[in-house]
Amino acid sequence: MSTETHNQLKKNVLSTTDVISQALAFLGPVMSMAFLTGYIAIAAGAAVPLAVLLGGLTMVALGYVVAQFASRVHAAGAIYNYAAKAFGPETGFMGGWVYLFAVLLLTIAIIAGVAGWTTEILLMVGVMQAPIPFLWLGVALVECVVLFLLSYFDVRISTRVQLWLVLGSLALVILLAGYIIVKGGAAGHSLEPFSFTAAGGLQGLAFGMIFAILMYTGFESAAVLAEETADPKRSMPIAIVGTVVAAVVLYVVVTYAYSIGFGVADPSGWQDPAVPALFSMAGMYGGDWLVAVMFLAAIVDGFAVALGCLTTSARVAYAIARDGALPSILARTHPTHKTPHIANGAVLGLALLVALGFAFAFPTAEGAPPAYTVEFGYLAGIGAISIEVIYVFVAIAAIVWFRRELKQEYNVVKHLLVPIVAIVGAGAALYGSLLPPPDPLLRTMPYVALAWIVIGLAYIAYLRSAKPGLVAQIGRDLSAMDAPE
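Throughout this description, residue numbers start from 1 for each chain and increase along the sequence as written. Predicted model: local features are reported for residues with pLDDT of at least 70 only, side-chain atom pairs are reported and counted for 80 or more only, and whole-chain, interface and lining totals are derived from all residues. Excluding hydrogens and water, the side-chain values take into account all heavy atoms of the structure.

S.K.: Tell me about the overall build of the protein, residues and numbers included.
M.R.: The secondary structure listing takes helices from DSSP runs of H or I that are at least 4 residues long and strands from runs of E that are at least 2 residues long, numbered from the N terminus. For the protein, the count of helices and strands is 18 helices and 0 strands. As defined in this context, the radius of gyration uses C-alpha atoms, and a globule is described by 2.2 Å times the residue total to the power 0.38. Its C-alpha atoms give the protein a radius of gyration of 22 Å, near enough to 23 Å, the size a compact globule of 485 residues would have. In terms of overall dimensions, the protein has C-alpha extents of about 65 × 55 × 40 Å along its principal axes. Per-residue burial for the protein yields a buried fraction of 56% across its 485 residues. We call two residues in contact whenever any of their non-hydrogen atoms come within 4.5 Å of each other. Considering only intrachain contacts with a sequence separation of at least 6, the fraction spanning at least 24 residues in the protein is 83%. As displayed, the protein offers around 18700 Å² of accessible surface, 70% of which is attributable to carbon and sulfur atoms. Working definition: with a 1.4 Å probe on protein chains only, accessible area under 20% of the residue-type maximum means buried, over 50% means exposed, and in between means partly exposed. Using a 1.4 Å probe, accessible areas were evaluated by the Shrake-Rupley method; residue-level cover was limited to the displayed protein chains.

S.K.: Please give an account of unusual backbone geometry that cites residues and values.
M.R.: One non-glycine residue with positive phi stands out, namely Asn12, at about 60°. The class for Asn12 is exposed, based on a relative accessible area of 53%. The residue Lys407 is not glycine, and still its phi comes out positive at about 50°. Mapped onto the elements of the fold, Lys407 is located in the loop between helix H14 (371-405) and helix H15 (412-434). For Lys407, a relative accessible area of 55% gives the class exposed.

S.K.: Break down the pattern of salt bridges for me, citing the residues and quoting the values.
M.R.: Whenever a carboxyl oxygen of Asp or Glu lies within 4 Å of a side-chain nitrogen of Lys or Arg, that contact is scored as a salt bridge. All chains considered together, the criterion is met by 9 salt bridges. In this structure, the salt-bridge partner of Lys10 is Asp154, at a minimum N-O distance of 3.6 Å. Of this pair, Lys10 sits in the segment before helix H1 (16-27) while Asp154 sits in the loop between helix H7 (135-152) and helix H8 (155-183), placing them 144 residues apart in sequence. Classification of Lys10 by relative accessible area gives partly exposed; the value is 23%. A network of salt bridges, in which partner residues are shared, links Lys10, Asp154 and Arg156.

S.K.: Can you tell me about the nonpolar core, naming the residues and giving the values?
M.R.: Most often, soluble globular proteins keep nonpolar side chains buried together rather than apart. Grouping buried Ala, Val, Leu, Ile, Met, Phe, Trp, Tyr and Cys residues that are joined through side-chain atoms within 4.5 Å yields what is termed a nonpolar core. Of all hydrophobic cores here, the largest spans 171 residues; its most connected members are Tyr82 and Tyr216. No other element matches helix H6 (residues 89-124), which puts 21 residues into this core.

S.K.: Tell me about the packing of H6 against helix H13 (residues 341-361), and please be specific about residues and values.
M.R.: Comment: axis = line fitted to C-alpha atoms, over the contacting stretch for helices; angle = value between 0 and 180 degrees taken between N-to-C directions. Packing of H6 against H13 leaves a shortest axis separation of 9 Å and a crossing angle of 60°. In terms of axis orientation, H6 runs oblique to H13. Judged by the twist between their axes, the crossing of H6 over H13 is right-handed. Contacts from Leu104, Thr107, Ile108 and Ile111 in H6 reach Val347, Leu348, Leu350, Ala351 and Val354 in H13. Considered class by class, the residues forming the contact of H6 with H13 number 8 nonpolar, 1 polar and no charged. Here the angle decides the label: under 35 degrees means roughly parallel, over 145 means roughly antiparallel, 65 to 115 means roughly perpendicular, and every other value means oblique. Here a crossing is called left-handed whenever its near helix is offset anticlockwise from the far helix by less than a right angle, and right-handed whenever the offset is clockwise. Any residue outside Ala, Val, Leu, Ile, Met, Phe, Trp, Tyr, Cys, Pro, Asp, Glu, Lys and Arg is labelled polar, Gly included; the first ten of those are nonpolar and the last four are charged.

S.K.: Tell me about the packing of H14 against H15, residues and numbers included.
M.R.: Orientation of H14 relative to H15, taken along the N-to-C sense of each, is 160°, at an axis distance of 8 Å. In terms of axis orientation, H14 runs roughly antiparallel to H15. The way H14 lies across H15 gives a crossing that is left-handed. For the pair H14 and H15, the contacting residues are Ile385, Glu388, Val389, Tyr391, Val392, Ala395, Ile396, Ile399 and Phe402 in the first and His415, Leu416, Pro419, Ile420, Ala422, Ile423, Ala426, Gly427, Ala429, Leu430, Ser433 and Leu434 in the second. Looking at the contact of H14 with H15, its residues break down into 17 nonpolar, 3 polar and 1 charged.

S.K.: An account of the environment of Val354 is requested, with residue identities and associated values reported.
M.R.: As for its position among the elements, Val354 is in helix H13. Placed 246 residues apart in sequence, Val354 and Ile108 show a C-alpha to C-alpha distance of 7.6 Å. Once residues within four sequence positions are removed from consideration, Val354 is found in contact with Ile108, Glu375 and Leu379.

Take a look at the structure:
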């Protein structure tokens, strides 16, 4: 069998529904609505729905930018390939380098989070009577085995598992939100959650939008499946933009239910991120049994996020390795299933090693947060900073590429103003991520992201000096991947 067949993904097998599943899974809507809305409420008060709406509109602009690239450049590297299109191979490598770092850290973080939360729900429902040290590591091992099996075989297995996991957990959240809205919440319906006054003015709303934008992170991951999609020119815009628009509607409705559920007059009940709003609502309008059900829904959604993150990180690593800028073994695909099984295994193996490192670096102690909480918060924070850098970067790349390549199709509104809106929105989220948090460990997050960029610059400088032919070939398959005009 030729070498070429060992580094090819399966062509023309994914439908629009499959690609939507990937975007939804990485988005993690239930997790976002459970764990992020409290941070928005701290700044925006009862006006969380307005912050979510405005933040979502900026992400629709970014979704349009990514969809324009994805419908024309059908490549597993996605942003890596888009950057190479706009700026050349060296800058393309840096785009892929930072995006790989972001999605890799998010993958590792969510695997640890799901493992730890699983042990917590075992305690909640009485399966365990007391915490068992390092049990979460065993759960993480089982989780990684299941993730590997789901990603090893036909790619449609993982996309369809993701879809059912997300839809099942989402259904529970929507039912709860619907019940609160029908009931009228704590004191009836109100338009106050959509007013500037509820946010305490423009500043509170602006800071709330920083975290609101983070709720939409991951929709662009659908683009990594472009090589495997039957009709990417049609499917990618629907999946990417459609997922963001659907998320905007969903988040606005659910956060409105939260706002009236807590009471518009006093939003203090959901201004503590340590007590997720989804669980508070479940307790207030259902009882302890519903809290356990919603916690389980968040874990199920978290597993879908882990699968979506794995799909993304492995394919970006595969695409860069296929061009020779990472070890070539990562570019090998299964001879039958055509999945990047080596890259999948490498990502999961790294996740287990990092989990082990955090477990021993942060041993269980009275009053201290568990190791998986530290790992999840720290790595997800660095990943969020890195992906926001990439969002700004890809919007700038779009401005350059659209102007140069689209010629008669070029439209100032669609191809200049829309990317500028995306830059402003993603830049606001990046600004919020760089504000120094009180925790000394978390303060190091921007420096870790910066260090990775410096390492990438040093690495590409080395490649340019030692292997100039390789650097010139980065993104070499792009012309073959272009959609027909």
